[in-house]
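Examining the three-dimensional arrangement
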Amino acid sequence: MPQDRPDTFGGHDLEGRLDTMKRELDALQIHVMKDRTPWYKQGAVAISVVALAFSAFTHYTSEARIERQDRHAARAELRSLIQRLQALPRESVEISRKYKNDPDAHTRLLSAIATERHILGQQAVELVRELKGDVTATEYYAIVDNFLTANQHAGLEELVADGLAVAKDAGSEVTLLRQAARLRFSGGDPAGGRAIFAEALKVFEKYPGHIPAYVALQHAQTHARWAAAERTVGDCVEAWRHITLAQGYDADNTAVVDGVADTEETCGPKYGTADTSG
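Residues numbered from 1 in each chain as written. Predicted model: local features only at pLDDT ≥ 70, side-chain atom pairs only at ≥ 80, totals over all residues. Heavy atoms only, no water.

**Topic: the overall build of the chain**
What counts is decided by this rule: Working definition: helices are DSSP H or I runs of at least four residues, strands are E runs of at least two. Numbering for both runs from the N terminus. Think of it in three bands: residues with accessible area under 20% of the maximum for their type are buried, residues over 50% are exposed, and the middle band is partly exposed, with areas taken using a 1.4 Å probe on protein chains only. In this analysis, two residues are considered to be in contact whenever any of their non-hydrogen atoms come within 4.5 Å of each other. A 1.4 Å probe and the Shrake-Rupley method give the accessible areas. Residues count as covered only by the protein chains that appear here.
In terms of regular secondary structure, the chain is built from 11 helices and zero strands. Traced from its N-terminal end to its C-terminal end, the chain shows the element sequence α-α-α-α-α-α-α-α-α-α-α. Looking at the 278 residues of the chain, the share that counts as buried comes to 33%. Restricting to contacts in the chain with at least 6 residues of sequence separation, those with at least 24 account for 61%. Here the chain displays about 18,000 Å² of accessible surface, and carbon together with sulfur accounts for 55% of that area.

**Things to note about the packing of helix α7 (residues 190-201) against helix α9 (residues 212-232)**
Here is the rule we go by: All axes here are fitted lines through C-alpha atoms, helices being fitted over the stretch that makes contact, and every angle between N-to-C directions spans 0 to 180 degrees. If an angle is under 35 degrees, it is roughly parallel; if it is over 145, roughly antiparallel; if it lies from 65 to 115, roughly perpendicular; otherwise it is oblique.
With their axes 10 Å apart at the nearest point, α7 and α9 run at an angle of 170° to one another. Classed by the angle they form, the pair α7 and α9 counts as roughly antiparallel. Of the residues in α9, those touching α7 at Arg194, Phe197, Ala198, Ala200 and Leu201 are His219, Thr222, His223, Arg225, Trp226, Ala229 and Glu230.

**Some points on the confidence of the model for the chain**
The criterion, for reference: The pLDDT value tells you how sure the predictor is about a given residue, anywhere from 0 up to 100.
A residue-level look at the chain finds 75% of positions with pLDDT of 70 or above and a mean pLDDT of 82. Helix α1 (residues 11-35) is the least confidently modelled element of the chain, averaging 63 in pLDDT, while α7 averages 97, the highest of any element. Counted against residues more than four places away or in other chains, residues 1-10, with its pLDDT under 50, gives four contacts. pLDDT under 50 marks residues 272-276. Its contacts with residues more than four places away, or in other chains, come to six contacts.

**Remarks on the environment of Thr263**
Using the following cut-off: The definition of a polar contact used here is a pair of N or O atoms within 3.5 Å, where within protein one atom must be able to donate a hydrogen and the other to accept one, and adjacent residues in sequence count solely through side-chain atom pairs.
Along the chain, the position of Thr263 falls in helix α11 (residues 257-267). Between the alpha carbons of Thr263 and Ala227 there is a distance of 7.8 Å; along the sequence they are 36 residues apart. Thr263 has contacts with Arg231, Ala239, Trp240, Ile243 and Gly268, leaving out every residue within four places of it along the chain. A distance of 2.6 Å separates polar atoms of two side chains, one belonging to Thr263 and the other to Arg231.

**Observations concerning the pattern of salt bridges**
Counted only if it meets this: Salt bridge, as applied in this entry: a Lys or Arg side-chain nitrogen positioned within 4 Å of an Asp or Glu carboxyl oxygen.
This structure, assessed with the given rule, holds 11 salt bridges. Here Arg71 and Asp134 are joined by a salt bridge, their closest N and O atoms 3.9 Å apart. Of the two residues, Arg71 is situated in helix α2 (residues 43-98) and Asp134 in the loop between α3 (103-130) and α4 (137-149); the sequence distance between them amounts to 63 residues. Its relative accessible area of 27% is what places Arg71 among the partly exposed residues. Classification of Asp134 by relative accessible area gives partly exposed; the value is 32%. A salt bridge links Glu238 to Arg241; the shortest N-O distance between them is 3.1 Å. In this pair, Glu238 and Arg241 both sit in helix α10 (residues 236-249), three residues apart, roughly one turn of the helix. Judged by its relative accessible area of 13%, Arg241 is buried.

**Quick notes on the nonpolar core**
Generally speaking, a soluble globular protein has its nonpolar side chains buried in company with each other. The line we're drawing: What is meant by a nonpolar core is a set of buried Ala, Val, Leu, Ile, Met, Phe, Trp, Tyr and Cys residues, joined one to another through side-chain atoms within 4.5 Å.
Formed by 44 residues in total, the largest nonpolar core has its most connected members in Leu78, Val128, Ile143, Leu156 and Leu159. Going through the elements one at a time, α2, α3, α4, α5 (156-166), α6 (170-186), α7, α8 (203-206) and α9 are the ones with two or more residues in this core. For this core, the element with the highest residue contribution is α6, accounting for eight residues. Not counting the four nearest positions on each side in its chain, Val128 is found in contact with Leu78, Val135, Tyr140, Ile143 and Leu159. Counting residues in hydrophobic clusters, the runner-up holds nine residues, among them Ala224, Ala227, Cys236 and Cys267.

**Description of the layout of surface pockets**
What counts here: Here a cavity means grid points, on a 1 Å grid over the protein atoms only, where a 1.4 Å probe fits yet cannot get out; a pocket means an open set of points with protein on both sides within 12 Å along at least five of seven lines; lining residues are those with an atom within 4 Å of a point. Grid points are joined across faces, edges and corners, and a volume is the space filled by probe spheres set on the points. Residues are grouped as follows: nonpolar covers Ala, Val, Leu, Ile, Met, Phe, Trp, Tyr, Cys and Pro; charged covers Asp, Glu, Lys and Arg; every other residue, Gly included, is treated as polar.
Of the voids in this model, the largest pocket is the one considered here, and its volume is about 410 Å³. As for the largest pocket, its lining consists of 15 residues, of which Asp145, Leu148, Arg182, Arg225 and Ala228 are closest to the centre. Put simply, the parts of the chain that give the lining of the largest pocket at least two residues each are α4, α6 and α9. Counting residues per element, the lining of the largest pocket draws most heavily on α6, which supplies six residues. Among the residues forming the lining of the largest pocket, the class breakdown is five nonpolar, six polar and four charged. Approximately 210 Å³ is the volume found for the second largest pocket.

Have a look at this one:
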């Protein structure tokens, strides 16, 4: 008589299989729910995120600190360059006096001064571009003056404009406007230069409170430089008119003595009944 086969689809075997499947489903559900736990409640993930944020913050602060140090170093270098540039004219005068009887040495040394002026001036311009927004009006004036003294005018109008944009006092604005006017004259636009010189004479209306003697001295210097600019375009009548106006502001003639001598040399003795209204 054949033996009965166990009923694998019923009885205890079926119940066992169902229990096993239930346990597996429960374990799977727990695993899935565990994966849905917020990241900040998962220790390893939270630690990784915090470490990444700290690393980013450290990198940012380090970069900012390095940038501040670099700008500070660049500012110090710019000041050093300007101080050297301002010393060169004095050295040129000393060389001229010391070697007046030695033409060869005189020429070589002045040539070396001119080369140094050009190299240092270019370095200063590069630093100004690097530090734009952190350069004073006085520093702009000093750099532009270096190139004007060397009769090198290319690119200076932009520097003057940048200087005027940061000027915060009458003295800085007046001196930069004079430079701007000179550049217009040298660039073939005397009418534009005259307009800017006239603007320089009105600056103190924007900055009241200065003592009259200081304002008068600045007006005298503006007219003296205006006269010099007029001489460069051959307008001797206007040159003498502004010399006269300068003398009216400067009773001691201290601000315009060189201008008077230069005008007499270029245009001859004062002549005509020039209009001195100004």
